[in-house]
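In case you want the letters, here they are:
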Amino acid sequence: MKTLLLLICLSCYLALPSVGNEIDSLENLLKQPEITGNSRVKVYLRLAGRTFRQSPRKAVEYLKAAELVDVSEDPMKYGPKLNARLVQYCRLAGDYQEALAYAGRNEAMYQKAWDDLAQPTDSIKRVLYKQYYLNNCYYHSAEVYHKIGAYEQSLAYYLMAREGYELLGSQGGISATYNNIAVIYLEGLQNTELALRYFQKSYSLNKETASNPEKITYGLDRNMANNEANIGEAYLTLGNYDSALFYTKKAYDRTRFNRPNDRYQLSMYAVGLGDIFHARGRLDSALYYVEFAYGIQKDNFPDPIDRTMLTLSELYFEKQDFEKAAVYARQAYAIGQESAVHNTIYQSAGLMSRILKAQQRYKESLTFLETAQVYKDSVFQLQSSEEIAHMNAQFVLEEQERENQLLKQKSALTKARMEKQYLIGVVLLVITLAMVAVAMLLYKRGKVKQELAAQKIKYEQRQKEYLEKELQFKDQELTNFAFQIVEKNNFMAEVTYAVEQVKKKGLQQHTALNELIKKLKSHDLINRHQTEFDAHVNSIYDAFYNKLDEVYAGLTQKEKRLAALLRLELSSKEISAITGISAKSVDMNR
């Protein structure tokens, strides 16, 4: 009974209209120890919802406190909603990495819920509930990726969200997704005409909804203002300033008169009007609207203020008020570094370089210019039109089956996915084993090749040593043969000389002595030895002769023979005895 009473009191608190002391009342409610579990989380969510427009960081603090609450009895009741709010408010507070972390956590939570849909206990209503929150996860992830300049990832998530909204038949969700896809094409992919087409699709859906009072929903006016502002921005990019001013002013007036508390959007539309007047050269009108936007954003909305500061800096620079221009550019540069937004750093550094150059502070200008160049290549990666067309075609949706077939379809998809994963695992295992086997085979083959190469080198080394020894032996044999010829020639010369001396002393008529001299001079033994020696030299030094012919073309046979005898390290006298020429001639030929 006590618990029931507390719940009734809590419901009364939450049902109260928005009054000045509502936040204090909710915080006092949190001090009661009986408020636990999901009831406590609900209070934190209400507090965050009441404070996020004035202070996104304060709203994040409330939601982080809600994360610490024990909700083990039903974690899915508020868990996804809590994560979704954290993504949204962290993005508004400029904490993009935290926003992505919460978006991934929420997506994993609902993806697991999808995987459990095969259970027959899930009704169509519960299935659609899960699809709705999964779409929100995709949508929030896309918004964060868009903000940090990751346009490809952002577009992919928006297209998945559009698929889900079409499945649910949510015209408002489809319209919002069309609008954001158009923003991606306009800002990131530089395709203004395609962006304008998507903006007009979104605007047409919202006008169709507004024309039917039964379909009008909360926030429709805000969505239409957003459409008008985006169409104005597209016309501005195309240079159609009149159409741009018409649509942007329409969005500004719609928000100002119909939703005066939506100051965030009002500030954004004011910046858009400032851009149009800037493009027309009306700097005073541009400054009026941009300063109005800055006054709203500087204390409440840190998310878009870097762009507003850059716009103000550019306007004051053109008015040659360099001091004010530098103040806003430096603030934008500091925000870019703190949030690690490379586009802001690149733009603000380039602007600071221009301002300092105009003030003739060239050294500081060069420093900022170098910083701008460093960040220039990492700002935004553009995709070719063919890649975007292919990505868009991938996510083109076919007409969905009726709601009563959804459960069967998802069950079949889940089963097919599991079979595919199993098949992929088997294929990967087979490929891995095959790669291991091939690697082992290549290793063994390489090892055998190394052994064969080592044996070949060893054999060639031995063969070389054997040939060198054989060549040394033949050289020695040839040298000995040459010495024998020399000795025989010397001996025969001495004998011939001695006999001739005897003959001169009076034995000229001695017939037998004359015959002996004749035989000594004409004996062919020496000639035969000489011929054999020449043949040995030619056989051993054939390669040497060929090399001599290549290097010294035109050498005679006698000159090549002399070179071979010199290689045997014979003296001039020994060469003279072998060749039959004088030692002096040998010296000259050397």
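Scroll up a little and you will see the structure.
Residues numbered from 1 in each chain as written. Predicted model: local features only at pLDDT ≥ 70, side-chain atom pairs only at ≥ 80, totals over all residues. Heavy atoms only, no water.

*Asks:* For the packing of helix H12 (residues 241-258) against helix H13 (residues 263-280), give the residues involved together with the corresponding values.
*Replies:* Put simply, H12 and H13 touch, their axes get as near as 9 Å, and they point 155° apart. The angle between H12 and H13 places the two elements in the roughly antiparallel class. Between H12 and H13 lies a crossing whose hand is left-handed. Here H12 contributes Tyr241, Asp242, Ala244, Leu245, Thr248, Lys249, Ala251, Tyr252, Thr255 and Arg256 to the contact with H13, which in turn contributes Gln265, Leu266, Tyr269, Ala270, Gly272, Leu273, Ile276, Phe277, Ala279 and Arg280. For the contact of H12 with H13, the residue count by class is twelve nonpolar, four polar and four charged. (Axes fitted to C-alpha atoms, helices over the stretch in contact; angles between N-to-C directions. Helix = DSSP H or I, 4+ residues; strand = E, 2+ residues; numbered from the N terminus. Parallel < 35°, antiparallel > 145°, perpendicular 65-115°, else oblique. Left-handed = near helix turned anticlockwise from the far one by under 90°. Contact = heavy atoms within 4.5 Å. Nonpolar A, V, L, I, M, F, W, Y, C, P; charged D, E, K, R; others polar.)

*Asks:* Which residues make up the packing of aromatic side chains, and what are the values?
*Replies:* Going through the model one piece at a time under the given rule, you end up with 14 aromatic pairs. Taken together, a centroid distance of 6.5 Å and an interplanar angle of 80° make the contact between Tyr203 and Tyr247 edge-to-face. Here the residue Tyr203 occupies a position in helix H10 (residues 192-210), and Tyr247 occupies one in helix H12, the gap between them amounting to 44 residues. Here Phe317 and Phe322 contribute two aromatic rings whose centre-to-centre distance is 5.6 Å and whose plane-to-plane angle is 50°, an arrangement assigned as tilted. Through successive ring pairs, a cluster of aromatic residues spans Tyr252, Phe277, Tyr288, Tyr289 and Phe292. If you follow Lys58 out to its NZ or CZ, it ends over the ring of Tyr62, 5.2 Å from the centre. Here the basic side chain of Lys201 rests over the ring of Tyr198, its NZ or CZ set 5.1 Å away from the ring centre. (Phe/Tyr/Trp six-rings, centres within 6.5 Å; stacked < 30°, edge-to-face > 60°. Lys NZ or Arg CZ within 6 Å of the ring centre and 35° of its normal.)

*Asks:* Talk me through the nonpolar core; I want residue IDs and the actual numbers.
*Replies:* Of all hydrophobic cores here, the largest spans 74 residues; its most connected members are Tyr185, Phe199 and Ile355. Ignoring sequence-local partners within four residues, the contact set of Ile355 consists of Ser313, Phe317, Phe322, Ala325, Ala326 and Ala329. Formed by 31 residues, the second largest nonpolar core is a distinct cluster that contains Val43, Phe52, Cys90 and Val144. (Core = buried A, V, L, I, M, F, W, Y, C linked by side-chain atoms within 4.5 Å. Buried < 20%, exposed > 50% of the residue type's maximum accessible area, 1.4 Å probe, protein only.)

*Asks:* Talk me through the packing of H10 against helix H11 (residues 220-238); I want residue IDs and the actual numbers.
*Replies:* The packing of two helices is summarised by the inter-axis angle and the distance between the axes. Running from N to C, H10 and H11 point in directions that differ by 155°, and their axes come no closer than 9 Å. Considered as vectors, H10 and H11 are oriented roughly antiparallel to each other. Seen from above, H10 lies across H11 with left-handed handedness. Taking contact as the criterion, the partners of Thr192, Leu196, Phe199, Gln200, Ser202, Tyr203, Asn206, Lys207, Thr209 and Ala210 in H10 are, on H11, Leu220, Asn223, Met224, Asn227, Glu228, Asn230, Ile231, Ala234, Tyr235, Thr237 and Leu238. Tallied by class, the residues present in the contact of H10 with H11 amount to ten nonpolar, nine polar and two charged.

*Asks:* For the pattern of salt bridges, give the residues involved together with the corresponding values.
*Replies:* Within the structure shown, the criterion is met by twelve salt bridges. Close ionic contact of Glu98 with Lys64 constitutes a salt bridge, the shortest N to O distance being 2.7 Å. You can see Glu98 sitting in helix H6 (residues 96-115) and its partner Lys64 sitting in helix H4 (residues 56-67), a full 34 residues away along the chain. Overall, Glu98 belongs to the partly exposed group, its relative accessible area being 28%. For Glu364, the salt bridge goes to Arg361, with nearest N and O atoms at 3.0 Å. Taking relative accessible area as the criterion, Glu364 reaches 34% and is therefore assigned partly exposed. Within the structure, one salt-bridge network assembled from shared partners comprises Asp221, Glu228 and Arg254. (Salt bridge = Lys/Arg side-chain N within 4 Å of Asp/Glu carboxyl O.)

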